[in-house]
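Survey of secondary and tertiary structure
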Amino acid sequence: MASHHDCWQCGTPDAGSLFCRYCNSLQAPTPDYYVFLGLPRRLAVDPAILQKQFYAMSRMLHPDRYTRRSEQEKRYSLEASSILNDAYRVLRDPIARAEYVLREAGFEIGEQRSKDVPPELLEEVFELNMALDELRAGDSEVLPQLQESRHNFKLMLARIDSVLEEHFQRHDGQQDVASRRAVLEQIRNVLHRRRYISNLVSEVDKQLSSRNA
Amino acid sequence: MAYSDKVLDHYNHPRNVGSLDKKDPSVGTGLVGAPECGDVMKLQIKVNPETGVIEDARFKTFGCGSAIASSSLATEMLKGRTVDEALQIKNTEIVNELSLPPVKIHCSVLAEDAIKAAITDYKAKTLDAAPASAQSA
Ligand code: FES
Ligand SMILES: [Zn+2]
């Protein structure tokens, strides 16, 4: 990524991504989360390493350290802190992380035809919606059925998450761009399916909790 | 909400809501879903096996107003057509009839997919039924 720039302070070429390696002044932060955090572009991210890096960089970028620095550096430290927070929030969550990598690779998320929903799932989804309808109409006899569907969909999500985990490893193991893209494409499809199911679960949760309220 | 009058009419007075007996060999069931929005649509047709004419059609849609209107309209369009005529129905006809805006086109696509799925199911059943009934006879 474009971390090759001249230092705004001393003019040294190829100054480095966060601090100039010569005059040590804070540079304009890169918006790329991986480059910013100095992490390899992998989908499988070790949460411990990520967290350690986040804390270390939070300390380096803390506004207190810039009170007596130039306006330029104050501004950069604010920008960098906000990128750091976004980067951490996105990369620590496997789903958000995968969506980020997909979007950066130019994939559109959310464009899909109805055929892509597996038929065996549709049946269950339809039954679930029927039950939700009856619940809204005041029929509480469907409650056990809803709880059970909720449970089933939760299990499906867990299974999907472990499939994703495998895809991540496979993606990271690919050497060339084309094979990486092929895996990313599969990941995108899994994510669509996952979103579909998790929307359902939250719909059930919403209905169940509005009853208890 | 920028729903057209026709959408509102179908939405407020949906035609042919309900279900037909899934196990009936003359009934085809299409169940489709749109992952973008989580909407699901079930559309069923009852075919006269002699003439191939669709005599009844029912739907149940969990989704937006446009999806409900699209499937309601679809059941009206289906009745009286032969299965092969029904296969020609395009989502653009639904879009025009209901004046759907571009963002709601996928709702009409869902209805077209549901029609196709119902017909596919019906055809598969008649194919299956032929040798089976010959055997049991
Ligand atoms: S918004 Fe999904 S079918 Fe209309
Ligand atoms: Zn410098």
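Scroll up to find the structure this text is about.
What counts and what doesn't
Residues numbered from 1 in each chain as written. Chains lettered and ligands numbered in written order. Predicted model: local features only at pLDDT ≥ 70, side-chain atom pairs only at ≥ 80, totals over all residues. Heavy atoms only, no water. Donors = N, O, S within 2.8 Å, 3.2 Å for Na, K, Ca; no water. Helix = DSSP H or I, 4+ residues; strand = E, 2+ residues; numbered from the N terminus. Buried < 20%, exposed > 50% of the residue type's maximum accessible area, 1.4 Å probe, protein only. Core = buried A, V, L, I, M, F, W, Y, C linked by side-chain atoms within 4.5 Å. Domains from an automatic or database assignment. Contact = heavy atoms within 4.5 Å. Axes fitted to C-alpha atoms, helices over the stretch in contact; angles between N-to-C directions. Parallel < 35°, antiparallel > 145°, perpendicular 65-115°, else oblique. Nonpolar A, V, L, I, M, F, W, Y, C, P; charged D, E, K, R; others polar. Pairing = 2+ DSSP bridges. Phe/Tyr/Trp six-rings, centres within 6.5 Å; stacked < 30°, edge-to-face > 60°.

Further remarks concern the coordination of the zinc ion (ligand 2). Residues and elements named next belong to chain A. Coordination of the zinc ion (ligand 2) by the protein involves Cys-7 (SG), Cys-10 (SG), Cys-20 (SG) and Cys-23 (SG), with metal-donor separations of 2.3 to 2.4 Å. Read N to C, the donor residues that coordinate the zinc ion (ligand 2) are spaced as C-x2-C-x9-C-x2-C. Of the two residues, Cys-10 sits in the segment before helix H1 (33-37) while Cys-23 sits in the segment before H1, which places them 13 residues apart along the sequence. Of the residues examined, Cys-10 reaches a relative accessible area of 38% and is grouped as partly exposed.

On to the nonpolar core. Of all hydrophobic cores here, the largest spans 59 residues; its most connected members are Phe-36, Leu-37, Leu-91, Phe-153 and Ile-187 of chain A. Contributions of two or more residues to this core are made by H1, helix H2 (47-61), helix H3 (71-92), helix H4 (94-104), helix H5 (119-136), helix H6 (143-173) and helix H7 (177-212) of chain A. Broken down by element, this core gets its largest block of residues, 11 residues, from H7 of chain A. Each of two domains, domain 1 (1-92) and domain 2 (119-212) of chain A, supplies a minimum of three residues to this core. Excluding anything up to four places from it in sequence, Phe-36 of chain A contacts Leu-18, Pro-29, Thr-30, Met-57, Leu-61, Ala-80, Ile-83 and Leu-84 of chain A. With 31 residues, the next largest nonpolar core counts Ala-34, Met-41, Val-83 and Val-95 of chain B among its residues.

Time to look at unusual backbone geometry. Despite not being glycine, Asn-24 of chain A shows a phi value in the positive range, around 70 degrees. Within the secondary structure, Asn-24 of chain A sits in the segment before H1. Among the residues examined, Asn-24 of chain A registers a relative accessible area of 48% and is labelled partly exposed. Residues other than glycine seldom take positive phi values, yet Asn-16 of chain B does so here, at roughly 60 degrees. If you trace the backbone, Asn-16 of chain B turns up in the loop between helix H1 (5-12) and strand S1 (27-34).

All names here are of chain A. In the contact formed by H3 and H4, the axes pass within 5 Å of each other and the chain directions differ by 110 degrees. Viewed along their axes, H3 and H4 adopt a mutual orientation that is roughly perpendicular. Residues Val-90, Leu-91 and Arg-92 of H3 lie in contact with H4, whose contacting residues are Pro-94, Ala-96, Arg-97 and Tyr-100. Counted by class, the contact of H3 with H4 contains five nonpolar, no polar and two charged residues.

Considering the arrangement of structural elements, one finds Ser-198 of chain A in helix H7. Expressed as a C-alpha distance, the spacing of Ser-198 of chain A and Arg-65 of chain A, which sit 133 residues apart in the sequence, is 42 Å.

In this section: the sheet that holds strand S2 (residues 39-47) of chain B. Residues and elements named next belong to chain B. The strand order across the open sheet formed by three strands is S1-S2-S3, and the pairing between neighbours is antiparallel. Strands at the two margins of the open sheet, each flanked by one partner only, are S1 and strand S3 (54-62). With strand direction ignored, the average angle separating the axes of adjacent strands in the sheet is 15 degrees. Two strands pair when backbone bridges link them, and S1 and S2 are joined in this way by eight bridges, in the antiparallel orientation. Paired with Gly-30 across the strands is Leu-43, a residue of S2. Packed on one face of the sheet, helix H2 (residues 65-78) meets S2 and S3 and runs near 175 degrees to S3.

Turning our attention to the packing of aromatic side chains. Residue and element names in this part refer to chain A. Applying the stated criterion across every chain, the model contains five aromatic pairs over all chains. A centroid spacing of 3.9 Å and a plane angle of 5 degrees characterise the contact between Phe-54 and Tyr-88, whose relative ring orientation is stacked. Separated by 34 residues along the polypeptide, Phe-54 in helix H2 and Tyr-88 in helix H3 bring together distant segments of the chain. Both residues of the pair, Phe-54 and Tyr-88, belong to the buried class.

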